[in-house]
Amino acid sequence: MNRNDDWMQRDLASLWHPCTQMKDHETLPVVPIRRGKGVWLEDFEGKRYLDIVSSWWVNIFGHANERINARIKQQLDELEHVILSGFTHRPVIELSERLGRLAPTGLGHCFYADNGSSAIEIALKMSYHYWRNVGRPEKRRFLTITNGYHGETLGALSVGDVALYTDTYRPLLLDVIKVPAPDGFGLPREQWVEQARACFVHMERALERHAGELAAVIVEPLIQCAGGMRMYPPEYLTWLREACDRYGVQLIFDEVAVGFGRTGTLFACEQTGVRPDFLCLSKALTGGYLPLSVVMTSDDVYTAFYDDYATLKAFLHSHSYTGNPLACAAALATLDIFEQDDVIATNRGKAAQMERLAAPLREHAHVGDVRQTGMVLAIEMVRDKASLSPYDFRERRGLRVFRHALSRGVMLRPLGNVIYWMPPYVITPEELELVAEVTHEGLEIATAD
């Protein structure tokens, strides 16, 4: 038995993996990873895999990044953790100040948790509680767009709309209002704005009708990631902010997946100059090193909770590892790299190469769409190109791509029938060429019958 087999057997005897039908592993091996460096992961037999999905979209500056490693090691010798209720520490203060300078003006208050779903829960609770504190307890519902995904805790699931995740738990979920998403699937980029404008009519009507009971609207800016990397134009966010202001409804931006350079700007909302009432961040915040999330909000929201203790207006929400010093140190190192290496500018060249490499796939008989926003590129497989009719999910075409890519040393992990590239920003031109080659091979195999 080789070392990989030994670790696989021990794994399957004791672990329950996320987002996985464990019976699949009767025929699909678990890949045990021994170490990582840059964009590469290595198993116990020395085989390498190019991490084109940034290990669930978190690892932006490569595995075992020396600069992030050094910052964490330094912090480890000083302070590993301390309760953040009534106590504080240098890394969390410095990170909060720095995020306040980088985020849209006016989001100067940071509330921390340790994952994206928790950040969404905080924003939902904080918005509801805000309206209660200012004397509007009837404003308790939320509005969102179809095909969204905001996490898998119950509140986050409630404002999501990917049936695979939500249908089983629907009896447990909040009653949320949903309107059609401004999805540009199958359309040339120049038609996205027109399509989004037509779609916004539904949002406007819902806001007008339900303004008196709505606490907030929540959306993923520009890209609905877990919903199949569906994309829409920034103009929609401008219209949404204006409409929310008009009807007195708060706005939550879930930038857990799309923040920190993924869309071509540090934050997706920068592309329209729009400021939400709540900005939720996680994933790439620590460069893929440690769990950390933050909800950033305004003076107006903060002040609504600021009162004498006896009024019971305080936001009584907590997590044991809130603002963990090691995670904050990793986040500070990540922000250093953005600043010192001019990452956003460098990514423009890499995004352009991704677009060139994927362009030939547009002509494939079973590709219905190739779409891109910044450092995210998606290729959607379809049964029929003319009608854009999808493959049945039970055929598991994406799994065929995944299996082939693993055999070629690339970790492509499609979302259903959507193949996507979401690489670490340190990927080289040569490595992107390998990804494109393997993607084309996998596409041919997956659609051969």
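Everything numeric here is computed off the predicted structure, so don't read it as measured data.

Colleague: Which parts of the structure should I look at to understand unusual backbone geometry?
Modeller: Note on backbone geometry: most residues besides glycine have negative phi, and most peptide bonds are trans. Positioned with a positive phi, F260 is a non-glycine residue whose angle comes to about 60°. Relative to the assigned elements, F260 resides in the loop between β10 (250-254) and β11 (278-281). Not every positive phi belongs to a glycine, and D342 is a case in point at roughly 50°.

Colleague: Please explain the nonpolar core as it appears in this structure.
Modeller: One finds M203, V217, M229, F260 and W421 to be the most contacted residues of the largest nonpolar core, which totals 106 residues. If you tally residues by element for this core, the top one is helix α11 (residues 325-341), at 10 residues. In terms of nonpolar packing, the next biggest core, distinct from the first, is built from 25 residues, A119, M126, V176 and V295 among them.

Colleague: Even after reading the chapter, I still don't get the sheet that holds strand β7 (residues 214-219), so can you show me in this structure?
Modeller: Strands belonging to one sheet form pairs held by backbone hydrogen bonds; the direction of such a pair is parallel or antiparallel. Spatially, β4-β12-β11-β10-β7-β5-β6 is the arrangement adopted by the 7 strands of the open sheet, whose pairing is mixed. The open sheet has two edge strands, β4 (109-113) and β6 (177-179), and neither has a second partner. For this sheet the average axis-to-axis angle between neighbouring strands, irrespective of direction, equals 20°. Looking at chain direction, β11 and strand β12 (residues 293-297) are connected through 4 bridges and run antiparallel. Bridge pairing in β12 links L279 to M296. Along the sheet, helix α5 (residues 116-133) makes contact with β4, β5 (141-145), β7, β10, β11 and β12, crossing β12 at roughly 30°.

Colleague: Can you walk me through the pattern of salt bridges in this structure?
Modeller: Between side chains of opposite charge, a pair can form as their charged atoms come close. If you walk through the whole model with that rule in mind, you get 31 salt bridges. Two residues, K37 and E66, come together in a salt bridge whose shortest N-O distance is 3.8 Å. Taken together, the residues K37 in strand β1 (residues 33-37) and E66 in helix α3 (residues 66-76) connect sequence positions 29 residues apart. Where R71 meets D336, a salt bridge forms, and the shortest distance between an N and an O atom there is 3.0 Å. Taken together, the residues span a long stretch of sequence, with R71 in helix α3 and D336 in helix α11 at a distance of 265 residues. When its relative accessible area of 24% is taken as the criterion, R71 is described as partly exposed. Given the relative accessible area of 18%, D336 is considered buried. A single salt-bridge network, built from bridges that share partners, covers D183, R230, D369, R371 and E380.

Colleague: Help me out: how do you make sense of the packing of aromatic side chains in this one?
Modeller: Remark: the centre distance and the inter-plane angle together describe each pair of aromatic rings, the angle taken between the planes. Enumeration according to the criterion identifies 16 aromatic pairs in this entry. Considering the side-chain rings of F200 and Y236, the 5.2 Å spacing of their centres and the 85° angle between planes classify their relative orientation as edge-to-face. Separated by 36 residues along the polypeptide, F200 in helix α8 (residues 192-210) and Y236 in helix α9 (residues 235-247) bring together distant segments of the chain. The burial state of F200 is the same as that of Y236; both residues are buried. Judged by centre distance (5.8 Å) and plane angle (75°), the rings of F305 and F315 are edge-to-face. Placement of the pair is F305 in the loop between α10 (299-304) and α11 and F315 in the loop between α10 and α11, with a sequence separation of 10 residues.

Colleague: Looking at this structure, I do not really get the packing of α11 against helix α12 (residues 343-358). What am I missing?
Modeller: Two numbers describe a pair of packed helices, the interaxial angle and the distance between the axes. Two elements in contact, α11 and α12, have axes whose closest approach is 6 Å; the angle formed by their N-to-C orientations is 75°. Viewed along their axes, α11 and α12 adopt a mutual orientation that is roughly perpendicular. Residue-level inspection shows I337, F338 and D341 of α11 in contact with α12, the latter providing V343, I344 and T346. Taken together, the residues of the contact of α11 with α12 break down into 4 nonpolar, 1 polar and 1 charged.

Colleague: Can you help me understand the sheet that holds β1 in this one?
Modeller: Taken in spatial order, the 3 strands of this open sheet run β1-β2-β3, and their pairing is antiparallel. A strand with exactly one partner marks an edge of an open sheet, and here the two such strands are β1 and β3 (48-50). The average angle at which neighbouring strand axes cross in this sheet is 25°, direction not considered.

Colleague: Even after reading the chapter, I still don't get α9, so can you show me in this structure?
Modeller: Since the α-helix packs 3.6 residues into each turn, any two residues three or four apart lie on the same face. Taking 1.5 Å per residue as the helical rise, α9 with its 13 residues ought to reach 18 Å, and the 19 Å between its terminal C-alpha atoms agrees with that figure. Considered for burial, the residues of α9 that qualify are Y236, L237, W239, L240, R241, A243 and C244. Lining the buried residues of α9 we find β5, α8, β7 and β10. One or two positions beyond α9, positive phi appears at G248, with a value near 70°.

Colleague: Would you take a moment to explain the environment of E152 for this structure?
Modeller: You can see E152 is positioned in the loop between β5 and α6 (154-158). With a relative accessible area of 39%, E152 lands in the partly exposed category. Along the primary structure E152 and G116 are separated by 36 residues, whereas in three dimensions their C-alpha atoms are 9.4 Å apart. Look past the residues within four positions of E152 in its chain and what remains in contact with it is C19, S117, L157 and Y165. Within the structure, E152 has its side chain in polar contact with the side chain of Y149 (distance 2.5 Å).

Here is what the cut-offs are and how they apply
- Residues numbered from 1 in each chain as written.
- Predicted model: local features only at pLDDT ≥ 70, side-chain atom pairs only at ≥ 80, totals over all residues.
- Heavy atoms only, no water.
- Helix = DSSP H or I, 4+ residues; strand = E, 2+ residues; numbered from the N terminus.
- Core = buried A, V, L, I, M, F, W, Y, C linked by side-chain atoms within 4.5 Å.
- Buried < 20%, exposed > 50% of the residue type's maximum accessible area, 1.4 Å probe, protein only.
- Pairing = 2+ DSSP bridges.
- Axes fitted to C-alpha atoms, helices over the stretch in contact; angles between N-to-C directions.
- Contact = heavy atoms within 4.5 Å.
- Salt bridge = Lys/Arg side-chain N within 4 Å of Asp/Glu carboxyl O.
- Phe/Tyr/Trp six-rings, centres within 6.5 Å; stacked < 30°, edge-to-face > 60°.
- Parallel < 35°, antiparallel > 145°, perpendicular 65-115°, else oblique.
- Nonpolar A, V, L, I, M, F, W, Y, C, P; charged D, E, K, R; others polar.
- Expected span 1.5 Å × (residues − 1).
- Polar contact = N/O pair within 3.5 Å; in protein donor to acceptor, adjacent residues only side chain to side chain.

Take it as geometry only, folks, not as evidence of what the structure does.
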